[in-house]
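This is what each chain is made of:
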Amino acid sequence: MPRPHDQAQSLYYDSPRYASGPAPELVGGTGRHAVVIVGAGPVGLCAALTLAHHRVPSVVLDAKTSVGEGSRAICIARHSVEIFQQLGVAGRFLGKALPWTDGTSYYREQPVYRLRMPHGPDERYYPMYNLQQQYIEQYLVEAAQATGLVDLRWGHALDTLRLADDMAVLEVDSPEGRYRLHAEHLVAADGARSRVRHQLGLKLAGAAYEGRYVIVDVRMRSDYPTERRAFFDPVANRGATVLVHKQPDDIWRIDYQLRDDEDEQDALAEREIRARVGAIVAMLGERAPWELEWWSLYKAYTLCLDEYRHGPVLFAGDAAHLVPIFGVRGLNSGLADAADLGWKLAMHVRGRAGPRLLDSYTPERRGATLDVFAQAGRSTRFMTPPTRGERLVRDAVLSLAAGHACARRLLDPRQSQPYSYAASPLTTADDEGSAFDDGPRPGMALANARLDDGAFLLDGLGREFTLLAFGDAAPRDADRAALASAAESTGVDLEILHLPAGTPAASRCGVGAGGVLLVRPDRHVCARWRHLDVARVSEALDRVLGRMPA
Ligand SMILES: Cc1cc2nc3c(=O)[nH]c(=O)nc-3n(C[C@H](O)[C@H](O)[C@H](O)COP(=O)(O)OP(=O)(O)OC[C@H]3O[C@@H](n4cnc5c(N)ncnc54)[C@H](O)[C@@H]3O)c2cc1C
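Residues numbered from 1 in each chain as written. Predicted model: local features only at pLDDT ≥ 70, side-chain atom pairs only at ≥ 80, totals over all residues. Heavy atoms only, no water.

### Section: unusual backbone geometry
Part 1 of the reasoning: Residues other than glycine seldom take positive phi values, yet R55 does so here, at roughly 65 degrees.
Part 2 of the reasoning: Within the fold, R55 resides in the loop between α1 (42-53) and β2 (58-62).
Part 3 of the reasoning: R55 gets classed as partly exposed once you look at its relative accessible area, which sits at 43%.
Part 4 of the reasoning: Positive phi values are uncommon outside glycine, yet D249 reaches one of about 70 degrees. (Helix = DSSP H or I, 4+ residues; strand = E, 2+ residues; numbered from the N terminus. Buried < 20%, exposed > 50% of the residue type's maximum accessible area, 1.4 Å probe, protein only.)

### Considering the packing of aromatic side chains
Part 1 of the reasoning: Following the criterion strictly, the structure yields 12 aromatic pairs and no others.
Part 2 of the reasoning: Where Y213 meets Y298, the ring centres are 6.3 Å apart and the plane angle is 40 degrees; that geometry is what we call tilted. Of this pair, Y213 sits in strand β12 (residues 205-220) while Y298 sits in strand β16 (residues 290-304), placing them 85 residues apart in sequence. The residues Y213 and Y298 share a single accessibility class, namely buried.
Part 3 of the reasoning: Between W343 and F465 the ring centres are 5.9 Å apart and the planes differ by 90 degrees, which places this aromatic pair in the edge-to-face class. A residue pair is termed long-range when its members are at least 10 positions apart, and W343 in helix α8 (residues 330-349) and F465 in strand β20 (residues 465-470) qualify at 122 residues. (Phe/Tyr/Trp six-rings, centres within 6.5 Å; stacked < 30°, edge-to-face > 60°.)

### Quick word on the site of the ligand
Part 1 of the reasoning: Close contacts around the ligand come from 30 residues, with D62, K64, Q133, L158 and D318 the closest.
Part 2 of the reasoning: One of the side-chain N or O atoms of K64 is found 3.0 Å from an oxygen atom in the ligand.
Part 3 of the reasoning: Here an oxygen atom of the ligand sits 2.9 Å away from a polar atom, N or O, in the side chain of D318.
Part 4 of the reasoning: Only α1, β2, β9 (157-164), β16 and α8 provide two or more residues apiece to the shell around the ligand. (Near = heavy atom within 4 Å. Polar contact = N/O pair within 3.5 Å; in protein donor to acceptor, adjacent residues only side chain to side chain.)

### Describing helix α7 (residues 270-283)
Part 1 of the reasoning: Counted at 1.5 Å a residue, the expected span for α7 with its 14 residues is 20 Å, and the 20 Å between its end C-alpha atoms agrees.
Part 2 of the reasoning: Along α7, the residues classified as buried are E270, I273, R276, V277, I280 and V281. Mapping the buried residues of α7 onto a view down its axis gives an arc of 135 degrees, with all of them on the same face. Facing away from the buried side of α7, by more than 90 degrees, are the exposed residues R271 and A282.
Part 3 of the reasoning: Buried residues in α7 make contact with β12, β14 (241-247), β15 (251-257), α6 (264-267) and β16.
Part 4 of the reasoning: Among the residues trailing α7, G285 stands out with phi positive, at a value near 80 degrees. (Expected span 1.5 Å × (residues − 1). Arc of directions from axis to C-beta. Contact = heavy atoms within 4.5 Å.)

### Side note on the packing of α1 against α8
Helix packing geometry: the angle between the two helix axes and the distance between the axes.
Part 1 of the reasoning: Orientation of α1 relative to α8, taken along the N-to-C sense of each, is 30 degrees, at an axis distance of 8 Å. Put simply, α1 runs roughly parallel to α8. Crossing of α1 against α8: the hand is right-handed. Here α1 contributes P42, V43, C46, A47, T50 and L51 to the contact with α8, which in turn contributes L331, G334, L335, A338, A339, G342, W343, L345 and A346. (Axes fitted to C-alpha atoms, helices over the stretch in contact; angles between N-to-C directions. Parallel < 35°, antiparallel > 145°, perpendicular 65-115°, else oblique. Left-handed = near helix turned anticlockwise from the far one by under 90°.)

### Quick notes on the packing of α1 against helix α2 (residues 78-87)
Part 1 of the reasoning: Relative to each other, α1 and α2 sit at 45 degrees, their axes nearing to 10 Å. Taken together, α1 and α2 sit at an angle that is classed as oblique. Where α1 crosses over α2, the two elements pack in a sense that is left-handed. Contact with α1, carried on its side by C46, L49, T50 and H53, involves I83, Q86 and L87 of α2 and no other residues of that element.
Part 2 of the reasoning: Class assignment for the residues of the contact of α1 with α2 results in four nonpolar, three polar and no charged. (Nonpolar A, V, L, I, M, F, W, Y, C, P; charged D, E, K, R; others polar.)

### Digging into the sheet that holds β12
Part 1 of the reasoning: Spatial strand order, β6-β5-β13-β14-β15-β12-β16-β19: eight strands in an open sheet with mixed pairing. Each of the sheet's edge strands pairs with one partner strand only, and the pair in question is β6 (110-116) and β19 (321-322).
Part 2 of the reasoning: As paired elements, β14 and β15 share six bridges and run antiparallel to each other. Across the sheet, the residue bridging to K246 is W252, located in β15.
Part 3 of the reasoning: Relative to the sheet, helix α10 (residues 388-401) contacts β5 (102-107), β6, β13 (228-232) and β14, its axis offset from that of β5 by approximately 110 degrees. (Pairing = 2+ DSSP bridges.)

### Points about the side chain of D102
Part 1 of the reasoning: Among the secondary structure elements, D102 is positioned in strand β5.
Part 2 of the reasoning: A residue is classified by how much of its surface remains accessible, and D102, at 9% relative accessible area, is buried.
Part 3 of the reasoning: Only 2.7 Å separates the side chain of D102 from the side chain of T101, close enough to count as a polar contact.
Part 4 of the reasoning: A polar atom in the side chain of D102 sits 3.2 Å from the side chain of R114.

### A few points about the environment of D522
Part 1 of the reasoning: In this structure, D522 sits in the loop between β22 (516-519) and β23 (525-529).
Part 2 of the reasoning: As for D522 and W343, which are separated by 179 residues in sequence, their C-alpha atoms are 7.3 Å apart.
Part 3 of the reasoning: Discounting chain neighbours no more than four positions away, the residues touching D522 are Q86, A339, D340, W343 and Y421.
Part 4 of the reasoning: For D522, the side chain forms a polar contact with the side chain of W343, separated by 3.2 Å.
Part 5 of the reasoning: Of note is the side chain of D522, whose polar atom sits 2.8 Å from the side chain of R520.

Structure below.
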């Protein structure tokens, strides 16, 4: 990721320097740990924080001694902010990020489509926020340090890995010397070039897309609101596309596609970048001076592992999958991997899980990856049609969009949504014929809607499982006692949250008076019933903990 030739540092961000002392294993420690995480990128940190949230310690190794370089992922979806809330970092994130709901698509010089993502007064968070990835990493590092449960080892790089006796055995290089770790569970969150993947001889499989894009950050003062602008065949990049996003600190992301006849090396020369960006800034009608911050070349892939679990090793984030950035699903899906894996590993380490809980990680999160491939693959083909026929159709849609609503619908990029675990072995399906009005079906994530007292649904969830009880009357003491004893015999915490009818949150759940809804620690619904039956709640808890036969 180059910077301008006269600039070693970022124009706006002072990278923190992290240090850690000698590994305990170099001074007589045992070297055996329940969970080791390779990679303190956003996904590894999010996994460590989720484990700490469930009171499980971890060791986190990272080869570097700071946060990642450059802004990288900048668009964070609402469901990721909900993960941040559960990990206690949403406040810092919201204090810096720029919220947005709208976007405009242009064909040549004409605005042809206005995007408006659904956002009502009963939502806590906006559908999308822009914030540079290095800030997110910094907030996650500081939150991890504050838990006292995350042993962050900066400058410690995994060199070799082997599996022996159901354990992962790691050889780690650190500034003070080489040492060995034994991990009962190893989370591979070591990014796109994963060394863990390489050491296990595993390969990502899938497709590569044609388009090449130059991603540039510039500093420029502009009052233009925060929204997504997409230009197709614009005057500043004929025959190709340009995307523009605002970031905090007067930083703008300009993402332009290279035409097929352009040479990559020439296109990445600083002089060429300045010329292209200058033309785009002029097209945007901006008159203020601008400065180059950094740039990078990007190609879209849909690649993933066949299995995300290999014995004690669990892959998450870019180590498990590479997805196109169009539709903002790269980092957002990595964070969801960590949220899913974190609670499952915690239950496993604390002896609460059955043999099938960790097995559910691949179907749930690889299923999510394949869904992202379908969505993001469509967006990528729209940005860079791979055939002449697809380009003709794309251009026809764009030219018709200004005057025809049916064409505008084809331009609507489907918003990044949490994946539904409806098909997961952990999910209890609705009873046959139990027609619910609406609301999240088993497997879906709860909407973080408003409660009566101005708080929101996620504020009331327990650390582990939560039973939402709907209706005017709160659950009877006898039911509460029976539920408490069911939870105790299962070995998990079960919070009971009563939702009176008429609150926006109760209406969004669509269960109706007397009904109940069981929620997993990662706020996905795992079962719902028209009436409370404690035996069925117990059974659903056993299923969601992976204790039921397949
Ligand atoms: C130029 C660029 C632009 C992008 N733009 C977007 C975007 O707009 N939207 C989006 O959603 N996504 C975007 N992405 C993707 C997004 O940045 C990634 O999805 C995200 O960083 C994945 O996080 P991760 O934690 O899985 O991996 P990483 O962030 O890559 O973190 C991996 C960590 O592992 C560490 N590590 C690696 N090897 C070892 C080892 N042997 N030992 C110890 N530590 C090791 C690394 O130092 C690193 O800290 C972009 C990526 C790039 C490169």
